[in-house]
Number of protein chains: 4
Amino acid sequence: MSDFDAEPGHYGYTFGGREAIGEVKPGTPITLRTLDCFGGKVRTVDDLPSRVCEFPYLNPVTGPLHVQGAQPGDTLAVHVVSLTPSAPVGISSTFPHFGALTSTGLTRTLQAPLDERVWLYDIDLDRQTVRYQARNSAYAVDLPLAPMLGTVGVAPAAGEVRQTIVPDVHGGNLDTPLLGPGATLYLGVNVPGALLALGDGHARQGDGEVCGVAVEVAMDVTIVVEVISGVPTGTPRLETDTQLVSLGAARPLEDAFRISQEDLVRHVAQLTGLDLLDAYQLVSQTTHARAGNVVDPQYVMSGAIDKRYLNGAVAYGGVHDRLRAV
Amino acid sequence: MSDFDAEPGHYGYTFGGREAIGEVKPGTPITLRTLDCFGGKVRTVDDLPSRVCEFPYLNPVTGPLHVQGAQPGDTLAVHVVSLTPSAPVGISSTFPHFGALTSTGLTRTLQAPLDERVWLYDIDLDRQTVRYQARNSAYAVDLPLAPMLGTVGVAPAAGEVRQTIVPDVHGGNLDTPLLGPGATLYLGVNVPGALLALGDGHARQGDGEVCGVAVEVAMDVTIVVEVISGVPTGTPRLETDTQLVSLGAARPLEDAFRISQEDLVRHVAQLTGLDLLDAYQLVSQTTHARAGNVVDPQYVMSGAIDKRYLNGAVAYGGVHDRLRAV
Amino acid sequence: MSDFDAEPGHYGYTFGGREAIGEVKPGTPITLRTLDCFGGKVRTVDDLPSRVCEFPYLNPVTGPLHVQGAQPGDTLAVHVVSLTPSAPVGISSTFPHFGALTSTGLTRTLQAPLDERVWLYDIDLDRQTVRYQARNSAYAVDLPLAPMLGTVGVAPAAGEVRQTIVPDVHGGNLDTPLLGPGATLYLGVNVPGALLALGDGHARQGDGEVCGVAVEVAMDVTIVVEVISGVPTGTPRLETDTQLVSLGAARPLEDAFRISQEDLVRHVAQLTGLDLLDAYQLVSQTTHARAGNVVDPQYVMSGAIDKRYLNGAVAYGGVHDRLRAV
Amino acid sequence: MSDFDAEPGHYGYTFGGREAIGEVKPGTPITLRTLDCFGGKVRTVDDLPSRVCEFPYLNPVTGPLHVQGAQPGDTLAVHVVSLTPSAPVGISSTFPHFGALTSTGLTRTLQAPLDERVWLYDIDLDRQTVRYQARNSAYAVDLPLAPMLGTVGVAPAAGEVRQTIVPDVHGGNLDTPLLGPGATLYLGVNVPGALLALGDGHARQGDGEVCGVAVEVAMDVTIVVEVISGVPTGTPRLETDTQLVSLGAARPLEDAFRISQEDLVRHVAQLTGLDLLDAYQLVSQTTHARAGNVVDPQYVMSGAIDKRYLNGAVAYGGVHDRLRAV
């Protein structure tokens, strides 16, 4: 049993615009259940998403949770303790005019959409694999289970309410494979209590979420949060045991890249005392730049630096290590 | 001594438009020397590139080499056997209106350029490191030596001549860290003999070559080439012992991403017999999407799949393994 | 006196998320007053916007107005009867990291911002001019007064709330010079009553609103609205006495262009009975493609066709001509 | 009879890489004939371009012409005296994976291409019209004849050779409807004699050349050129009797926009003595920003200012007025 099950009333389709479903305490592990991005409506290969799902009821997030003590101008650290698929089968699909290798509602053409097709992935928790099975041939192959959360965010600034599918400075549909167990996500707080919500669990995902849909699955989630008072965070950041990461959400993709790298340069400068050009140089020779998603209304790029190049400097006062120890 | 030293007459600043400096035989190792991207003119931190270098005499490539038997419609496989910096110091810099975090001649603004600054990196071949030393503080840190070639290409199609700094379907300034020792690059051949040229060695580089300049260094290069007759290659591909990679060069960056992923999907479909949508799905859940450079007249993204997911399928008739064994 | 003055409580900074300030009747002229985009806080050249204005309290819109009978799935036609500047002086400025020829929060660089500077334009209603006066020289020139509304929109779909500065399918900060007296704007209705709001009057504006700020001025506005029941509109459209126009809001700019042209092609096909390719061809040889703004979180392009090429076909059942006659 | 007929040997498919076919004298009218972009191979609606044309033999330009006295660093002014279609029928078409409303070789998707279709336009020189005739219905309408040259350029800098279909700083496939009779195009000279070539006549074209193909027609052309010594031009500019125009060629489209507007701001500043911010302001309130093409390897935007706002300042020493008078 979770602290917050994914029952009606416990999830929604926006960041902002909804009341907290509960209050949580920094430092105490929280368990919750998230629905898959289809809200559980796609169960067989014949359940075409465009038929069984109804816009805008897609990509539900569990929450929002009121975090005690979080105030505008603070940073909320969300540490992912564990992620366990709560269904035996993961689901992926194509979807008409959604994805990176099709025209879309924004990159419009006059062409016909690609066919809609559903794939089911057997999940083997013992072997820690998900099984790809082709639909039009006998081809199959096991892929490593690599659970992550596609969508984590807080209420946006300026009274905005955004669909969960949009990634932006408030978090949202970031879709980075880096956001798995052991990672800490940093989000700027815009409203009292932050109003954290999360969902869109992926059993695994390639960079860019190319076809628009990962191996989607309901998830049992354990997180622990902390509030870093008086420290703002402008664009989502992330920390693992080995890397510091900045996330940029924008279009075109080079702007997402620019945001992630500029923020990383400024973060490294602040942590190391390097001036801006010296930090620019260090980042240039060390950064990892991977696509998050290239399918949503805004794209995501991650910019990461290995912490070993920071000569011991520690981000956000060492909160990652503290939460990791919980 | 190399088969082809980087003496005047042995290098140039374009792909296409130049006569071969020699003929090379498939299957036989070739040694050559490449100049750094500044042509050796930046030697101290006071040698500002915009003063000591003269446009368009930048980014020299050694060659072109006429490859015996290469014909339009073939693919040229270029296997990198070894790369050894031939200078003890690598060089990086900012450059006015060049780089990802500045306005440029294409992304124009009315703002003043960033300061121009040069960094020198001591290269330690024994420890396999390059040493970052800040210019405005005592901060220093060793980074792993990770040699690669920034620029490898053939003569373009349709009689075009392109500056070496441009990446496109003929190769050119691809700037992917994947192109190091042990990698095989596949390029479509457009003219008899292919007219291969290469240069722009990097002691190391972060993804995206963010500030526009890697740790630049003259390089001793050993390659071995093979011609795959009658097999065209539309956009550059690359193979390592563990990955198959497609490279896309375009602007905006999402188009570079689309090209790399679309080509990877088609390649995987061809190798595995999967239909296009099944291949799209497999790639979506497994691909690695990293920035090559986000600073040149065209940007580069790489799309990679781990070969272990291909159930034994082998690209280009196994040429990578054969060249690896040379 | 207006039906709706721009008093506190009568204006806001979002589309969606606010209660109607009044109900209006289709077919009956409505008068209202709009504040300038600075909310009247910039009065002299020394009132730098970044000092006297406070984010997110920018770009106020008067409303929202509940339109009787408007239901989701309908189209709201908003006809601009007249626009009269209600202040004798229009204001423009640069603004740090905002505009097309500067790095911004999305197109980030490490460069310093441009200087912030305010310009005042004397408005002469008799001569119908606004006077450009340089700040750093005696250069001055009269420009034609060409009043328009920068921002007109309805409550977004899916429960979203957007800042007024964002243009999207619900309208918003479209910033097209085409939206002046005599024009009819068509917006899809997402909520009962549509919740129309408008503001951001410009005494004039060049295409693209290049520096990010037009000649901003409070405005006396007369509009008349009509509801076209059961006819959805996907992206904002506009009609003048001579042109049919589709507006696309997106980034990068080519996606805004694609949306505007694709919608225009489909509209022309529907009105003329041409098949899609024949309509594509007719639009290709006749369209006018102008930048709306290239400075906001999303850019706008307009795609227009002269109505005389439509052989008498009439959009939306002739509502433009009816409203024009009011 | 023309000074330069479009006979074999008189035209080619690149800028750069070809010898001059003749020498021309500044100030003396030159007549020449240009082929249509298909090289005359599409004659009926059954001549599908992808079948009858062979890449890269597309978009032929007549020339290059050696202009007496033109030296690197100069500007070449090319004044279009007259353009007369030399065939009675103009041709347009769709083309697989080419155009703005289809996926392309750069904006790649997995979708099937649009159908390829050819349209023929009867040209009536007396009535100055071209007749659109739908292929799949009886719909027809006369459009104004508005002849223009799609492609005008000189040899590129740095020894590059570019296909004629590429627009860039050397000119090339600019595709702006502004380049008709009475206009003067300004191009920077890169090689002795400039090596001017031109072609791709359009009987008319909408902004953006949306489907990728205008109303293409062979053209009788009269131009007169002048060399402005010692005055460089960085990106193509254009002048008409009423407007000064800067052209930007780049991707994404906002970069083409930025180039055109930044160059216009700098040009206005230079002509009027305004400082950069004052010129930025004046341009922002007056500029016309229209799409050139949004279909080629690089897109084009034009940025124009009405000359009447320049208080009598004259560009390039008044060469436009002098050539207009010839």
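All figures in this text were calculated on a predicted structure; none of them were measured in a lab.

## So, the overall build of chain A
Scanning chain A from terminus to terminus reveals four helices and 22 strands. The dimensions of chain A, computed from C-alpha atoms along their principal axes, are 55 × 40 × 40 Å. Within chain A, the proportion of its 326 residues that are buried is 66%. In chain A, the share of contacts with a sequence separation of at least 24, taken over all contacts with a separation of at least 6, comes to 76%. Carbon together with sulfur atoms contributes 51% to the accessible area of chain A, which is approximately 10,100 Å² in total. Positive and negative charge centroids in chain A, built from 22 and 36 side chains respectively, lie 3 Å apart.

## Some thoughts on unusual backbone geometry
For the bond running from A:Phe55 to A:Pro56, omega is 0°, close enough to zero to count as cis. Examined against the element boundaries, A:Pro56 turns out to sit in the loop between α1 (49-52) and β5 (61-67). A cis geometry characterises the amide bond from A:Gly63 onward to A:Pro64, with omega recorded as 5°. Structurally, A:Pro64 is set in strand β5. In the Ramachandran plot, C:Asn59 falls in the positive-phi region, its phi being about 60° despite a non-glycine side chain. By the secondary structure assignment, C:Asn59 is in the loop between α1 (49-52) and β5 (61-67). Classification of C:Asn59 as buried rests on a relative accessible area of 6%. Here the phi dihedral of D:His97 falls at roughly 55°; this positive angle occurs in a residue that is not glycine. Checked against the element boundaries, D:His97 lands in the loop between β7 (89-93) and β8 (118-124). For D:His97, a relative accessible area of 30% corresponds to the partly exposed category.

## Quick notes on the relation of the copies chain A and chain B
Expressed as a screw transformation, the operator carrying chain A onto chain B has a rotation angle of 180° and an axial translation of 0.0 Å, and the superposed copies differ by an RMSD of 0.0 Å. Look at the turn and shift together and you get a two-fold axis relating the two. Residue A:Arg290 of chain A places its C-alpha closer to the rotation axis than any other residue of that unit, at 2.3 Å. A shared binding surface is used by both copies, with 100% of the interface residues of chain A retained as interface residues in chain B.

## Some thoughts on the pattern of salt bridges
Close approach of charged atoms lets side chains of opposite charge pair. Considering all chains together, one arrives at 72 salt bridges over all chains under this definition. A:Asp255 is paired through a salt bridge with C:Arg251; the nearest N and O atoms lie 2.2 Å apart. Here the residue A:Asp255 occupies a position in helix α2 (residues 253-272), and C:Arg251 occupies one in the loop between β20 (243-250) and α2 (253-272), the pair thus bridging two chains. Residue class for A:Asp255 comes out buried when judged on its relative accessible area of 2%. Judged by relative accessible area, which is 5%, C:Arg251 ranks as buried.

## Considerations on the relation of the copies chain D and chain C
Superposing chain D onto chain C takes a rotation of 180° combined with a translation of 0.0 Å along the rotation axis, leaving an RMSD of 0.0 Å. Of the residues that chain D buries at the interface, 100% are likewise interface residues in chain C, meaning the two copies contact each other through the same surface.

## Points about the domain arrangement of chain A
Accessible area lost on assembly of the parts is the figure often given for the size of an interface. Residue and element names in this part refer to chain A. The domain architecture assigned to chain A consists of domain 1 (11-228) and domain 2 (237-325). For domain 1 versus domain 2, the distance between C-alpha centres works out to 22 Å. Facing 34 residues of domain 1, the contacting portion of domain 2 comprises 27 residues. For the salt bridge of arginine 290 with aspartate 207, the shortest nitrogen-to-oxygen distance reads 2.7 Å.

## Details of the packing of aromatic side chains
Under the defined criterion, the tally for this structure stands at 24 aromatic pairs over all chains. Between D:Tyr11 and D:Tyr13 the ring centres are 6.3 Å apart and the planes differ by 90°, which places this aromatic pair in the edge-to-face class. Of the residues examined, D:Tyr11 reaches a relative accessible area of 23% and is grouped as partly exposed. Their ring planes at 55° and their centres at 6.1 Å tell us that D:Tyr121 and D:Tyr132 sit as a pair that is tilted. Placement of the pair is D:Tyr121 in strand β8 and D:Tyr132 in strand β9 (residues 129-133), with a sequence separation of eleven residues. Across this residue pair, the class does not change: D:Tyr121 and D:Tyr132 are buried. Aromatic rings pair up to connect A:Tyr11, A:Tyr13 and A:Tyr57 into one cluster.

## Structural notes on helix α2 (residues 253-272) of chain B
Residue and element names in this part refer to chain B. For α2, built from 20 residues, the straight-helix expectation of 28 Å at 1.5 Å per residue is met to within 8% by its first-to-last C-alpha distance of 28 Å. Burial of α2 is extensive: 18 of the 20 residues sit out of reach of the surface. Just past α2, the residue glycine 273 takes up positive phi, approximately 80°.

## Considering the interface of chain D and chain C
In this complex, chain D contributes 65 residues to the contact, which on the side of chain C involves 65 residues. For the pair chain D and chain C, the summed buried surface comes to about 5,200 Å²; carbon and sulfur atoms form 59% of the total. Taken as a group, D:Tyr139, D:Tyr280 and D:Gln285 account for 14% of the area that chain D buries against chain C, more than any other trio of residues on that side. Where chain D packs against chain C, one counts four salt bridges. Note that C:Arg117 is salt-bridged to D:Asp275, the shortest N-O span being 2.9 Å. For the interface between chain D and chain C, the tally reads 48 residue pairs in polar contact (both at pLDDT 80 or more). Only β7, β8, β10 (140-144), α2 (253-272), α3 (276-284) and β21 (288-291) of chain D provide two or more residues apiece to the side of chain D that touches chain C.

What counts, and where the lines are drawn
Position numbers for residues start from 1 in each chain and track the written sequence from start to end. Working convention: letters from A go to chains and numbers from 1 go to ligands, in the order in which they are written. Two thresholds apply to this predicted model, a pLDDT of at least 70 for residue-level local features and 80 or more for giving and counting side-chain atom pairs, whereas whole-chain, interface and lining totals are computed over all residues. No hydrogens and no water enter the side-chain calculation; it runs on all heavy atoms of the structure. To qualify as a helix, a DSSP run of H or I must reach at least 4 residues; to qualify as a strand, a run of E must reach at least 2; elements of each kind are numbered from the N terminus. Burial here depends on accessible area, computed with a 1.4 Å probe over protein chains only, as a share of the maximum for the residue type. Under 20% is buried, over 50% is exposed, and the range in between is partly exposed. Only heavy atoms matter for contacts: two residues are in contact if any of them lie within 4.5 Å across the pair. Only the protein chains shown count as covering a residue, and every accessible area follows the Shrake-Rupley method with a 1.4 Å probe. Only four residue types enter the tally: Lys and Arg on the positive side, Asp and Glu on the negative side; His and the chain ends are excluded. A single reference atom marks each charge: NZ on Lys, CZ on Arg, CG on Asp, CD on Glu. When the copies are superposed, the least-squares fit draws on C-alpha atoms of residues that have pLDDT of at least 70 in both. Only one rule defines a salt bridge in this text: a Lys or Arg side-chain nitrogen within 4 Å of an Asp or Glu carboxyl oxygen. Either an automatic procedure or a domain database provided the assignment from which the domain bounds are taken. In this analysis, rings of Phe, Tyr and Trp, with Trp reduced to its six-membered ring, are considered paired at centre separations within 6.5 Å, and the interplanar angle assigns stacked below 30 degrees, edge-to-face beyond 60, and tilted for intermediate values. Each residue after the first adds 1.5 Å to the expected span of a helix. Joining two parts hides part of their accessible area as seen by a 1.4 Å probe, and the buried area is that hidden amount summed over both. N or O atoms closer than or at 3.5 Å make up a polar contact, with two conditions inside protein: a donor-capable atom paired with an acceptor-capable one, and, for residues adjacent in sequence, both atoms drawn from side chains.

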